[in-house]
Amino acid sequence: MIDELITASVLASGIRLATPYLYAAIGETFGQRSGVLNLGVEGVMLMGAFTSLWAVYEFTPAGATSYYAPALLAGVLVALLVGLVMGLATAVINVSLQAQQGISGIGIYLFGLGMSDLLFQKVFRGQVITVNGFPRANIPVLSDLPVLGEIFFRQNLLVYLAFALVPVTWFVLNKTTLGLNIRAVGQNPEAADAMGISVTRVRYFTVTLGGMLASLAGASLSISLVNVFQQNMTAGQGFIAVALVYFGAWRAGGVMFGALLFSLVNALQLQVRTKGIDVPDEYASMAPYLLTILALIFASRRIDQPAALTKPFERGE
Amino acid sequence: MQLRLPRSLHLDRTLDALLPLFAVLLALLIGGAMIVLMDANPIDAYRALWDGAFGTKNAVADTLVKATPLLLVGIGICISFRGGVINIGGEGQMIAGGLAALAIGLQYKEADPTTVIIACLVGSFVAGALWGGIAGVLKAYFNVNEILSTIMLNQIATFSMMYLVRSEFIDPRQKNAAAPIPETERLPRSLDLPRIGETLDDIWEALGLAGEGARQWGTTLLHNGIVIAFVLAIVVYILLWRTTIGYRIRAVGKNPHASRYAGIKVKRYMVLSLMLSGGFAGLAGGIQLLGVRHRMNAEGGAIAFTGNAGFNGIVAALFGGLHPVGTIPASILFGALLVGGNKLQRTVQVPAALITALIGLVIVFVVASDIFVRHRSRRRVAATVSEASSEAAGVRAGP
C-alpha cells in the first residue's frame, strides 16, 4: 500500500501544493518579525485568487487552447496590486490606528470572503470558469534526473519562485540592514525608535509586503494549481499560513518545512481518494493541525517569538 | 473635595457609545457605493434588505432565529474578551456542541422528549466548554497563543464532524445506498425545540396588538432558542458584573500581573473564561441542531452547519461593546443583515455575499475606531488629573 501511496508524482504534487502556504506564510513571517500579526491573510488570498483569475480570463484571447503569457503576467500583476492595496489598508488599521490585531484580521478575512464571492457571483454568475494557468516549465538537464527530476524540476514558474523566496527571505532578514531593522522593530520598538528607525515605516513595509505575498498565494491557487475559482476556495489555508509562522519559529526554513508537511499530507489525501484506498482521510486531514498544536507547545518553550508581536507601538511623549 | 467632569466629557462618552453605529453607517454607505457599481439602486436594495429582515412576521422570525446563535456565541465572546483571551474558536465549539446534542438525541430517541432536549442542551454546553477548555489549558499552562490554537481546533472539529457523520452517526438507510452526501438521519420531531409562535400570538392578542392578520406568529419557525439566549445574556451580565467570579475574570483580563499579586489564580481564570466562552458557543451549536438543522452532513465544512455564526458572533459581541445585554440588539442587527441579504439577492440581484463583506468592514471600523475612544479616555484622565492638581493648588494658595 505504501508504495502505491508515495510515488514520485505524489511527492511532486506535494511540492506544488506547498506554493500557496509558502507565499502566504513568508509574507506573514515578515509582518510578525516586525511585530504585526495579520490574521486577515485568508481574506487577502481569496481576493488575490479571484482577481488574478479574472485578469487571466479577460486577457486571454477567445478560443485560446493553451496558455497566453501576457495574460498570466497580467494575472500576477493584478494579484500583486490587489495585495498592495489590501496590505496598505491592513497597515493603516493595525499600525496607524493600532487596532487589536487578532480581531481586525477577522474583519479583513470576512471582507475578503464576502468581496471575492460577490465579484465571482457578479462577474461569472457563480459559474466555475477554467483558465489556462501557468504551464509546466521543465528545467533543462535537471528535469531529466531520474525521480528527482519529476519531483522537483518539472513544476511551474510560481512554484520555483515560491521556493526561491525561502533563501531570499533568510538572507534579507539576517544579512541586511533592512532585516536588522525589521527584527529590531519586532523585538524592541522603543529601542529601535531611539536608534532612529521609523517603527511605523518598517511595519508599513512588512505588512504591505505580506499583503502582496498573500494575494500572490491566492493567485498561485487559482491560476497555477487548480485554474478555477470557487467561493471560499482557500478553505482555511490562510489561517494555516499564520500558524506555520509560529510552527516554523519565525524562520524561513522552518516555515518551509511546515508548509511541506501540510502540502504532502494534502497530496497523500488526493492520492488516497483517487486510488479509493479505504483509509478515513479525515485522520490524515487532522494530523497537520494536531502537529501544529504540538509544535506550538514546543515553540512556546523557546524565547524566539518577536517580543513586540501584536503590540502596537506608540511613541512616548 | 468633589471632582466634576467638564460638560464636554459627557458629550465624549455619548460619542464613544455611538461609534459602533457610525461604523455600521459607514459600512452601509460603502455598501451603497458597491451596489451602485453593480448597477442596482441602493435605496431599492436597502429597502429589500429591510423588508427581508423585518417586512413580515415570517421575516422577523427568521431574523430572530438567525440572531440566536450569534447572541449565544457573542455572550461567550464577552466573557473571554473581558477575561483577556481571544477566542476565535466559536466555529469548532459550535460543532462540538452540535455533535454532543446529536449523539444524545440519537441515543435516546425513545425517552421523554423534554428530558432529552434538556440533556442535549446541557451536553452541548459541556462539549463546547471542553473544546474551549483545551485552548484554555494550552494557553494557561503551555503558553500557546489561543488565537492559533482555537483556529487549529476549529479545523480539527470540522474534520471530526465529517468523519463521525460518515461513520458512527450515518443514517442507517444510507449505509447500503450509494448516497451522494453522507448525512445523519433527522432527529425525531419530538426533539425539535418547541416553537413559540402560538404563545407569542396569545401575548399579542392579550396586548391588543393583533390586528387584521391575527395569529400570524403561530406559523413561523421561531423556536424558543431565542428566549434561552435572551435569558442567558442577562445571566452572563450578572455573572460578569455582580459576582466575585465575574470580577476576577475581568480583573485577569485588565491586568493579569496585578491580579496575581491580589491572589487571583490567573491561570485557572484564563481556562475558566475559555471554557465558559466555549460552552455558550457549544450551546449555540446544540440549539442550531435542535432548532434549525435537525441533522448534520459531511459536506460543506463547518460553515454548512454553523452558518459562520462562530465568527459573526464575535462581530455581534464587539458591536455590543463586549456587554452581554448590548450584544442582544447587536445580534438582532446582524441576524437581520444576514436574513435581509437573501432578499437582496432575490429582488435586486445583488449577491448576498455583499453582507459578509460589509460585516467584515464593520469589524474593521469598530476595532480601528477604538483608538479614538482610548485617546479621549486618556485625555479625560489627563483633564481630571490636571483639574485635581489645579484645585489642590488652589486650596494650598487659599487663605
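Worth saying up front: this structure is predicted, and the values here are computed from it rather than measured.

(A) Broad picture of the overall build of chain B. Each helix and strand in chain B was counted, giving 15 helices and zero strands. Classification of the 399 residues of chain B by burial places 51% in the buried group. Considering only contacts in chain B between residues 6 or more positions apart, those separated by 24 or more positions represent 76%. Taken as a whole, chain B presents about 18000 Å² of accessible surface, with 62% of it coming from carbon and sulfur.

(B) Molecular detail of the overall build of chain A. The helix and strand tally for chain A stands at 13 helices and zero strands. Listing every helix and strand of chain A by position from the N terminus yields α-α-α-α-α-α-α-α-α-α-α-α-α. Relative to a compact globule of 317 residues, whose C-alpha radius of gyration would be 20 Å, chain A shows 20 Å and is just as compact. Dimensions of chain A, computed from the C-alpha atoms along their principal axes, are close to 65 × 45 × 40 Å. Scored against the burial criterion, the 317 residues of chain A give a buried share of 57%. If you take every contact in chain A between residues at least 6 apart in sequence, the share linking residues at least 24 apart comes to 78%.

(C) The interface of chain B and chain A, seen in detail. Across the contact, 45 residues belong to chain B and 45 residues belong to chain A. Of the roughly 4000 Å² buried between chain B and chain A on both sides combined, carbon and sulfur atoms contribute 77%. Taken as a group, Leu148, Met152 and Phe159 of chain B account for 15% of the area that chain B buries against chain A, more than any other trio of residues on that side. Inspection of the chain B/chain A interface yields zero salt bridges. The tally of links between chain B and chain A comes to two residue pairs in polar contact (both at pLDDT 80 or more). Those elements giving two or more residues to the side of chain B that touches chain A turn out to be helix 5 (113–142), helix 6 (146–166), helix 13 (309–319) and helix 15 (353–397) of chain B. The leading source of residues in the side of chain B that touches chain A is helix 15 of chain B, at 15 residues.

(D) Looking closely at the packing of aromatic side chains. Applying the stated rule across the entire model yields 20 aromatic pairs over all chains. Ring plane angle 65° and centroid distance 5.1 Å describe the contact between Phe120 of chain A and Phe229 of chain A, whose orientation is recorded as edge-to-face. Placement of the pair is Phe120 of chain A in helix 5 (residues 101–124) and Phe229 of chain A in the loop between helix 10 (199–225) and helix 11 (237–247), with a sequence separation of 109 residues. In terms of burial, Phe120 of chain A and Phe229 of chain A fall into one category: buried. Measuring from centroid to centroid gives 4.7 Å for Trp50 of chain B and Phe54 of chain B, while their planes differ by 50°, and the two rings are tilted. Note that Trp50 of chain B and Phe54 of chain B are positioned in helix 2 (residues 42–55) at a spacing of four residues, about one turn of the helix. Members of the aromatic cluster, each reached through a chain of ring pairs, are Phe50, Trp54, Tyr57, Phe120, Phe124 and Phe229 of chain A.

(E) Focus on the pattern of salt bridges. All names here are of chain B. Overall, the coordinates contain four salt bridges over all chains when judged by the stated rule. In this structure, Glu183 engages Arg295 in a salt bridge whose closest nitrogen and oxygen atoms are separated by 3.9 Å. Of this pair, Glu183 sits in the loop between helix 6 and helix 7 (197–206) while Arg295 sits in the loop between helix 11 (266–293) and helix 12 (301–306), and the two are 112 residues apart along the sequence. Under the relative-accessibility criterion, Glu183 is labelled partly exposed at 22%.

(F) Representation of the environment of Tyr246 of chain A within the structure. Structurally, Tyr246 of chain A can be placed in helix 11. Of the residues examined, Tyr246 of chain A reaches a relative accessible area of 4% and is grouped as buried. Sequence-wise, Tyr246 of chain A and Tyr23 of chain A are 223 residues apart; in three dimensions their C-alpha atoms are separated by 15 Å. With near-sequence residues (within four places) excluded, Tyr246 of chain A lies in contact with Gln32, Leu37, Leu296, Ala299, Gln305 and Leu309 of chain A together with Asn145 and Leu148 of chain B.

(G) The arrangement of helix 4 (residues 90–107) of chain B in detail. Look at helix 4 of chain B: 26 Å from first C-alpha to last across 18 residues, which is about the 26 Å you get at 1.5 Å a residue. Counted residue by residue, helix 4 of chain B has 15 buried out of 18 residues, so it is predominantly covered.

(H) Representation of the environment of Val235 of chain B within the structure. Relative to the helices and strands, Val235 of chain B resides in helix 8 (residues 225–242). Note: C-alpha distance between Val235 of chain B and Pro324 of chain B (89 residues apart in sequence) is 8.7 Å.

(I) Examining the side chain of Ser124 of chain B more closely. Along the chain, Ser124 of chain B falls in helix 5. Leave out the neighbours within four places in its chain, and Ser124 of chain B touches Gly97, Ala100, Ala101, Gly279, Gly282, Leu283 and Gly286 of chain B.

(J) Unusual backbone geometry, seen in detail. Residue and element names in this part refer to chain A. Phi is positive for Asn232, close to 55°, though the residue is something other than glycine. Residue position: Asn232 is located in the loop between helix 10 and helix 11. Backbone geometry places Ala249, a non-glycine residue, at a positive phi of 55°. Note that Ala249 resides in the loop between helix 11 and helix 12 (252–275).

(K) Structural detail: the packing of helix 11 of chain A against helix 13 (residues 281–299) of chain A. Residues and elements named next belong to chain A. Orientation of helix 11 relative to helix 13, taken along the N-to-C sense of each, is 40°, at an axis distance of 9 Å. Considering the angle they form, helix 11 stands oblique to helix 13. Of the two elements, helix 11 crosses helix 13, and the hand of that crossing is left-handed. Contacts from Ile240, Ala243, Tyr246 and Phe247 in helix 11 reach Tyr289, Leu291, Thr292, Ala295, Leu296 and Ala299 in helix 13. Here the contact of helix 11 with helix 13 is built from residues that sort into nine nonpolar, one polar and no charged.

What counts as what
- Residues numbered from 1 in each chain as written.
- Chains lettered and ligands numbered in written order.
- Predicted model: local features only at pLDDT ≥ 70, side-chain atom pairs only at ≥ 80, totals over all residues.
- Heavy atoms only, no water.
- Helix = DSSP H or I, 4+ residues; strand = E, 2+ residues; numbered from the N terminus.
- Buried < 20%, exposed > 50% of the residue type's maximum accessible area, 1.4 Å probe, protein only.
- Contact = heavy atoms within 4.5 Å.
- Areas by Shrake-Rupley, 256 points an atom, 1.4 Å probe, with all protein chains shown as cover.
- Rg over C-alpha atoms; globule rule 2.2 N^0.38 Å.
- Buried area = accessible area lost by both parts, 1.4 Å probe.
- Salt bridge = Lys/Arg side-chain N within 4 Å of Asp/Glu carboxyl O.
- Polar contact = N/O pair within 3.5 Å; in protein donor to acceptor, adjacent residues only side chain to side chain.
- Phe/Tyr/Trp six-rings, centres within 6.5 Å; stacked < 30°, edge-to-face > 60°.
- Expected span 1.5 Å × (residues − 1).
- Axes fitted to C-alpha atoms, helices over the stretch in contact; angles between N-to-C directions.
- Parallel < 35°, antiparallel > 145°, perpendicular 65-115°, else oblique.
- Left-handed = near helix turned anticlockwise from the far one by under 90°.
- Nonpolar A, V, L, I, M, F, W, Y, C, P; charged D, E, K, R; others polar.

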